[in-house]
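Take a look at the letters that make up each chain.
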Amino acid sequence: MTPTVSPPVSPAAPPHGLSRAQLHEMYYFMRLTRSLEERLVNLYRQTKVIGGLFRSLGQEADSVGSAYALDRGQGDFLSPLIRNLGSMLVQGATPLEILRQYMAKAESPTRGRELNIHYGDLERGFIGQISHLGDMVPVMAGVALSFKMRKQPRVGMVYVGDGAMSTGTFHEGINFAAVQRLPMVIICENNGYSFSTPMHKQTAVRQLVDKAAAYGIPGVRADGNDVLAVYGATKPAVERARQGGGCTLIELVTYRRKGHAEHDNQSYQSTGEIAEWEAKDPIDRCIRDYVEAGWATVEELAEIDARILALLDDAVGHCEDEPMPAAGTALDGVLADPARAELEWYRRIDG
Amino acid sequence: MTPTVSPPVSPAAPPHGLSRAQLHEMYYFMRLTRSLEERLVNLYRQTKVIGGLFRSLGQEADSVGSAYALDRGQGDFLSPLIRNLGSMLVQGATPLEILRQYMAKAESPTRGRELNIHYGDLERGFIGQISHLGDMVPVMAGVALSFKMRKQPRVGMVYVGDGAMSTGTFHEGINFAAVQRLPMVIICENNGYSFSTPMHKQTAVRQLVDKAAAYGIPGVRADGNDVLAVYGATKPAVERARQGGGCTLIELVTYRRKGHAEHDNQSYQSTGEIAEWEAKDPIDRCIRDYVEAGWATVEELAEIDARILALLDDAVGHCEDEPMPAAGTALDGVLADPARAELEWYRRIDG
Amino acid sequence: MAEVTYLEALRQGMMEEMRRDENVFILGEDVGAYGGAFKVTDGFLAEFGERRVIDTPISEAAIVGAAAGAAHMGLRPVAEMQFIDFISCAYDMLTNYVATARYRAGLPTPMVVRGPSGGYVRGGPFHSQNPEAAFLHTPGLKIVCPATARDAKGLIKSAIRDDDPVLYFEHKFLYRRIKEDLPEGEEILTPIGKARVAREGRDLTIITWSAMVYKALEAAERLEKEDGLSVEVLDLRTLLPMDDEAIMASVKKTSRVLIAHEDTRTGGVAGEITARINDQAFEWLDAPVKRVTAHDVPLPYAPTLEDFVLPQTDDLVVAARWLAAY
Amino acid sequence: MAEVTYLEALRQGMMEEMRRDENVFILGEDVGAYGGAFKVTDGFLAEFGERRVIDTPISEAAIVGAAAGAAHMGLRPVAEMQFIDFISCAYDMLTNYVATARYRAGLPTPMVVRGPSGGYVRGGPFHSQNPEAAFLHTPGLKIVCPATARDAKGLIKSAIRDDDPVLYFEHKFLYRRIKEDLPEGEEILTPIGKARVAREGRDLTIITWSAMVYKALEAAERLEKEDGLSVEVLDLRTLLPMDDEAIMASVKKTSRVLIAHEDTRTGGVAGEITARINDQAFEWLDAPVKRVTAHDVPLPYAPTLEDFVLPQTDDLVVAARWLAAY
Ligand SMILES: Cc1ncc(C[n+]2csc(CCOP(=O)(O)OP(=O)(O)O)c2C)c(N)n1
Ligand SMILES: Cc1ncc(C[n+]2csc(CCOP(=O)(O)OP(=O)(O)O)c2C)c(N)n1
Ligand SMILES: [Mg+2]
Ligand SMILES: [Mg+2]
């Protein structure tokens, strides 16, 4: 982290009404996302991660900048997808929870039932995704419907990828939300690929934001690698939703620099393309922009980085030796009533 | 039928390269659609129709004009919905078949297995719908895919209503077709209602044609009550598809003057609205336009009407006393192999 | 006391719950101004307004998904499928999202998905289905299938109050054909998970549910008159969770079991019941457990065909005689 | 002779059929350049080109629907579900459109839908499913579930040649764990609808399929060694249409039956098999037909939980001992 820019003598006010502290916080969440994923890579290589590992390298700004536009004090909600670790951290998810999830620990938020970042918390306002892409759009429409029905000034945000937008459930959900003028913001992350499938094989549109027209809602497009641009595009949509103005579709243009999952060798992505986007790295850019504008010093940001590393050391240390869930807990809570599934007869035979 | 207009002294050539005979044929199919449905109403009142009856009164022009733009000689295909009796007749369906379907006769195209106009014929190039709205869009995409894969200069046309466009399968199917640049035309009939649901509760778009933008394909909008405008909008899309130019979405603006089905009392439609559209009746308009332009005389059109009535008398007479299918035929042909389903044991007990 | 139809009982049950609990609301296609394709929600819009009676686009997955999201937030949605056949469009949402929400994430998902099911109405292959079997193997769901007006009311009320997602499959053949005196002031709450002995008997048990209960009762009457057989009819009412206790009690009493359902045989619910009986009451069986079901074909439209494919009272009589003579 | 994995056998089978018949083509998510999430179609794009190896959008309903449309026109599509769990998104299309096309309309619909199924891989609730039971009650479909490399190849080839729609559920746990010598020149065509005796036995039959076959064989071996029991293992291979003849032959031989499947119990395939045995071979039974299945919960992710929920070899041994002692 050695930016070659020097700070201005008298810094301009940060944009979008953000405070200096808020800018630092956004940097914090981006860096936390990246560092946490780097820890997970280590743990993955040590085979301590049970399933696959999914990275958001190069996409931290889109997750953080969009989620940051929500108002947690008002009870806003979001539903992330696999590359939205950053959004979850903004919403209050902790590194320890994430580590426990990946390592299937008993104390993980899903008690070892679901993998990686598939979890949520109604208190903090996020709902865990299921794997079936698109399904969270109707679900979040239902959450937003409850806000509208109860006349609560709350907003729901739901993430979709360039690939997820091809699903029928995406279409049904966003259309439902649009017709009902629900307080909802749909963040579409255009990272160029859906697994190995490039965007032109996923859709014939040139820009994903063009899809907003089909639902009669406004569409906004922003540079997904510029955290302030992301925030600047999202915040007005969130506030319009809160004031009864209905849904907005926001396309954030970014790039998936790692493979779909850690085991994917990215043979289908050209090295030139990857390098080009590396040069546009959202964290490097953030540092440059902040320092150049005088919103942070290199030292301040380095201090944040150090704080994060300590936090992560602590979290990894805390959970590495934790046990996995006890087998019998697998039967709890399929239903509220009965609260436990039956133990199969062959497990009730002694000896 | 007493048009108050008089023919011009020297008639202009018909539009869109159509011949006089073709104009007459389009009139024939519109009138046939209407008269056949009127017969069905009689039969329905006599309880000779087994299930429900679905009308397309006031929508004949959109079905006929769009289907007429296909080239049957080239092997073009279509898949109709419940209001596209007219399209099926253009494609070669016969009144006798339709009557047999509605009356569940043994000789009906589906041998009494499916109801009303749910049937098709690969030879003549139409595929029968299933009830689940939207599902025919992917299926017709597959048909069009076969044309593309085999480099055949053939086109597939699929119909959807303003309601059907809200389904996930519509979205997945049209997107698939658009990405693959399949030779397909999607006709969207905007008749104002989906059962009792007005369009503004179905979608937040103002015009259904706006949905084309979400798939990166051209959209065209035409007056669905003007058979020549419908043809004029559809024909170029069909030919563009044939030449490898991909899909087009065509919105035909019309109105459902009858209820969703014959038993629906239309309490949710205002009488003013219905009257307004009655004044725009597509058949009356066609007569007026033809006669005014000198493309047909009142006598010629009356002769067509008479021919249709005779044809229908004949068809009704032919099938009314036909038997329903023999019970045992119900077990045939679920699979190619085995060709017959098993007779359940309780039917094999003697006595 | 007022004589009410099965449909009216269902309607009243929903109405009562909506009056009782602000959190209950209705969504579905044409449920508002039109009052539903079968008029089950007739009058609801007038009484509860657009906020609680929501006409939706044709989007079964969104209807179910939105219901789930709202349920997480403490509401109690009742989603209508215009015909239950269209629930297949929400199959993914129900089996993967709704059914697992509590297990995966501790998310409360109190919601009801209901709609007209069943045949004998010349509805053809897509307006006659019985989707019980499609959801029976999904842990996390409950399934109820009322046969009587009392249970139509009692089960919808219990379903709405239940803290788990409940699929409520009403039978459209019964809508206006079944009438019953239901006391006006009485709070009817049929417990979910409890079967009902619709007729006591000693010689043979017919296990069934929904519209087939009436054919079983007719058959039982004929068998009593013509053959002197005492036939018990067990109306399961709930399929998930299944009332093993009631099933085994009857099996142990009669030792001869016929399972009758309207849906096709292979992979149908009767298989599961047979396995449970095998498992829990094998020694009491004096004869094989036999099934009377539809033939294994999509349901055809023509009356001649539909009547042949679906099980009829005669079939039950023939099958019961065979079983009694075994 | 060359030793090939289960996955490679499947790959070769598809390859051979694509070389043999111009009408066969492949479509699915990431099947082209990437060669499929598990590399089942690795090399196909290079050999057959974009015309016959189609990367699709994430649209399972469209994949299946388009396959059906193409099949009507005489092509023979093989559609991949990236994980078979996502077949639920095409449930409506498969059960309502594809399965009924021939019956309703005489439309030939020769197509295969295949994908990686099954657990024991720490895949969690949405990458471990076994969807057999979801489709067993749909007349018009065929379902195959190969356990061996030979059958992986032989059944995909037969499925592609079949004139009916076939669901081909391969087991991802077996992909690279199972190896077999398969003669290079031999045309392997496993008949659809025929079970296979995986091990002969006299005292007890384990009926099963797919990955569970290996646990059954392990259990049989242990039971032979430790208890002197002679256990027959029947690998069904095809679930629809079911090979009643093979099932009853084994039941009549051993009179004791354990049905083992990986999917949850309630509403699972074992119920149907139990009912068929009841129906056709009740008199030969010396003990109740018993099931060994997963517990009735969504499949959890943690190894401790997954191992507890899924049936294991030990469970089969315990259950078989109980049954033998009955
Ligand atoms: C309905 C469904 N089909 C297939 C998959 C398998 N799958 C998981 S992620 C993925 C690609 C997603 O691409 P995109 O939406 O662009 O998100 P990204 O991974 O780029 O963030 C696919 C195909 C799935 N999860 N759900
Ligand atoms: C998936 C699905 N859900 C519900 C229905 C019930 N249904 C039949 S027709 C109809 C309205 C269709 O409206 P639209 O598409 O506008 O066609 P129109 O009747 O106006 O021609 C509905 C809701 C259905 N057939 N399919
Ligand atoms: Mg992407
Ligand atoms: Mg309409």
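Predicted model, so just to flag it, every value in this text is computed and none were measured.

1. Side note on the overall build of chain A
Scanning chain A for helices and strands turns up ten helices and seven strands. For a compact globule of 351 residues, the expected C-alpha radius of gyration is about 20 Å, and chain A comes in at 21 Å, within 12% of that figure. Taken along the three principal axes of its C-alpha coordinates, chain A extends 80 × 45 × 40 Å. Summed over all atoms, the accessible surface of chain A reaches about 11,900 Å², with 51% contributed by carbon and sulfur. Taken together, the 36 basic and 44 acidic charged side chains of chain A have centroids lying 4 Å from each other.

2. Focus: the interface of chain B and chain C
A common way to report how large an interface is uses the accessible area buried once the components associate. Counting from both sides, the interface comprises 44 residues of chain B and, opposite them, 48 residues of chain C. Summing the contributions of chain B and of chain C, the shared interface buries around 3,800 Å²; its carbon and sulfur component is 63%. Three residues stand out in chain B for area buried against chain C, namely B:His132, B:Trp345 and B:Tyr346, and they jointly supply 19% of the buried area on that side. Scanning the region where chain B abuts chain C turns up five salt bridges.

3. A word on the site of ligand 2
In the region of ligand 2, 19 residues are neighbours, and B:Ser131, B:Ala164, B:Asn191, B:Tyr193 and C:Glu60 sit closest. Flanking ligand 2 are residues from chains B and C. Relative to its unbound accessible area of 580 Å², ligand 2 is 94% covered by the protein chains. Its residues assigned to classes, the shell around ligand 2 comprises seven nonpolar, eight polar and four charged.

4. Quick notes on the pairing of strand β2 (residues 24–28) of chain C
All names here are of chain C. The buried count for β2 comes to five of five residues, which makes it a mostly enclosed element. Residues Val24, Ile26 and Gly28 point to one face of β2 and Phe25 and Leu27 to the other, with burial holding for every one of them. Note that β2 and strand β4 (residues 76–80) share five bridges and pair parallel. Within the sheet, the bridge partner assigned to Gly28 lies in β4 and is Glu80. Sheet analysis places β2 next to strand β3 (residues 53–55), joined by three bridges and oriented parallel. Within β3, the residue paired with Ile26 across the bridge is Val53.

5. Some remarks on the coordination of the magnesium ion (ligand 4)
Residues and elements named next belong to chain B. Donor atoms from the polypeptide that bind the magnesium ion (ligand 4) are Asp162 (OD), Asn191 (OD1) and Tyr193 (O), placed at 2.0 to 2.1 Å. Positions of the donor residues of the magnesium ion (ligand 4) along the chain correspond to the pattern D-x28-N-x1-Y. Of the two residues, Asn191 and Tyr193, both sit in the buried class.

6. Overview of the domain arrangement of chain C
Residue and element names in this part refer to chain C. The domain architecture assigned to chain C consists of domain 1 (2–182) and domain 2 (196–325). Between domain 1 and domain 2, the residue contacts involve 27 residues of the former and 29 residues of the latter. When domain 1 packs against domain 2, the two sides together hide about 2,400 Å² of surface, and 58% of this comes from carbon and sulfur. Interface area lost by domain 1 to domain 2 is led by Tyr120, Arg122 and Leu136, which between them contribute 34%. Taken together, the connections running from domain 1 to domain 2 amount to four salt bridges. Across the salt bridge formed by Arg196 and Asp151, the nearest N and O atoms sit 3.8 Å from each other. If you list the elements that add at least two residues to the side of domain 1 that touches domain 2, you get α6 (132–136), β6 (142–144) and α7 (149–161).

7. Re the packing of helix α5 (residues 136–149) of chain A against helix α3 (residues 60–72) of chain C
Two numbers describe how α5(A) lies on α3(C): the axes approach to 6 Å, and their chain directions differ by 50 degrees. Regarding the angle of α5(A) to α3(C), the classification is oblique. Crossing of α5(A) over α3(C) shows right-handed handedness. Here A:Pro138, A:Val139, A:Gly142, A:Val143 and A:Ser146 of α5(A) lie close against α3(C), whose contacting residues are C:Ala61, C:Ala62, C:Gly65, C:Ala66, C:Gly69, C:Ala70 and C:His72. Along the lines of polarity and charge, the residues of the contact of α5(A) with α3(C) split into seven nonpolar, five polar and no charged.

8. Considering the site of ligand 1
As a matter of local geometry, ligand 1 sits amid 19 residues, with A:Ser131, A:Ala164, A:Asn191, A:Tyr193 and D:Glu60 nearest to it. What surrounds ligand 1 is not a single chain but chains A and D. Within the backbone of A:Ala164, an N or O atom sits 2.8 Å from an oxygen atom of ligand 1. Here an oxygen atom of ligand 1 and a backbone polar atom of A:Tyr193 are 2.8 Å apart. Its free accessible area being 580 Å², ligand 1 has 94% of it covered by the protein chains. By residue class, the composition of the shell around ligand 1 is seven nonpolar, eight polar and four charged.

9. Looking at the interface of chain D and chain A
In this assembly, 48 residues from chain D lie in contact with 44 residues from chain A. Regarding the contact of chain D and chain A, the summed buried area is about 3,800 Å², with carbon and sulfur atoms giving 63% of it. A per-residue breakdown of the area chain D buries against chain A is headed by D:Tyr34, D:Ile58 and D:Tyr301, which together make up 21% of the total. Here chain D is connected to chain A by five salt bridges. A salt bridge links D:Arg265 to A:Glu344; the nearest nitrogen and oxygen atoms lie 2.7 Å apart.

10. Notes on the side chain of C:Asp164
When you line up the elements, C:Asp164 lands in the loop between α7 and β7 (166–171). Within polar-contact distance, the side chain of C:Asp164 engages the side chain of C:Lys142 at 3.3 Å. Apart from residues no more than four positions distant in its own chain, C:Asp164 is found in contact with A:Leu335, A:Ala336, A:Asp337, C:Arg102, C:Thr109, C:Pro110, C:Met111 and C:Lys142.

11. Re the packing of aromatic side chains
In total, this model carries 46 aromatic pairs over all chains according to the counting rule given. Measuring from centroid to centroid gives 6.3 Å for B:Tyr290 and B:Trp295, while their planes differ by 70 degrees, and the two rings are edge-to-face. B:Trp295 shares its class with B:Tyr290; the two are buried. The rings of A:Trp345, A:Tyr346, B:Trp345, B:Tyr346, C:Phe282, C:Trp322, C:Tyr326, D:Phe282, D:Trp322 and D:Tyr326 are connected pair by pair, giving a single aromatic cluster. The ring of C:Trp322 is capped by C:Lys290, whose NZ or CZ atom sits 4.7 Å from the centre of that ring. The aromatic ring of D:Tyr97 is capped on one face by D:Arg104, whose charged end is 5.1 Å from the ring centroid.

Rules and cut-offs
- Residues numbered from 1 in each chain as written.
- Chains lettered and ligands numbered in written order.
- Predicted model: local features only at pLDDT ≥ 70, side-chain atom pairs only at ≥ 80, totals over all residues.
- Heavy atoms only, no water.
- Helix = DSSP H or I, 4+ residues; strand = E, 2+ residues; numbered from the N terminus.
- Rg over C-alpha atoms; globule rule 2.2 N^0.38 Å.
- Areas by Shrake-Rupley, 256 points an atom, 1.4 Å probe, with all protein chains shown as cover.
- Lys, Arg positive; Asp, Glu negative; His and termini not counted.
- Charge placed at Lys NZ, Arg CZ, Asp CG, Glu CD.
- Contact = heavy atoms within 4.5 Å.
- Buried area = accessible area lost by both parts, 1.4 Å probe.
- Salt bridge = Lys/Arg side-chain N within 4 Å of Asp/Glu carboxyl O.
- Near = heavy atom within 4 Å.
- Nonpolar A, V, L, I, M, F, W, Y, C, P; charged D, E, K, R; others polar.
- Buried < 20%, exposed > 50% of the residue type's maximum accessible area, 1.4 Å probe, protein only.
- Pairing = 2+ DSSP bridges.
- Donors = N, O, S within 2.8 Å, 3.2 Å for Na, K, Ca; no water.
- Domains from an automatic or database assignment.
- Axes fitted to C-alpha atoms, helices over the stretch in contact; angles between N-to-C directions.
- Parallel < 35°, antiparallel > 145°, perpendicular 65-115°, else oblique.
- Left-handed = near helix turned anticlockwise from the far one by under 90°.
- Polar contact = N/O pair within 3.5 Å; in protein donor to acceptor, adjacent residues only side chain to side chain.
- Phe/Tyr/Trp six-rings, centres within 6.5 Å; stacked < 30°, edge-to-face > 60°.
- Lys NZ or Arg CZ within 6 Å of the ring centre and 35° of its normal.

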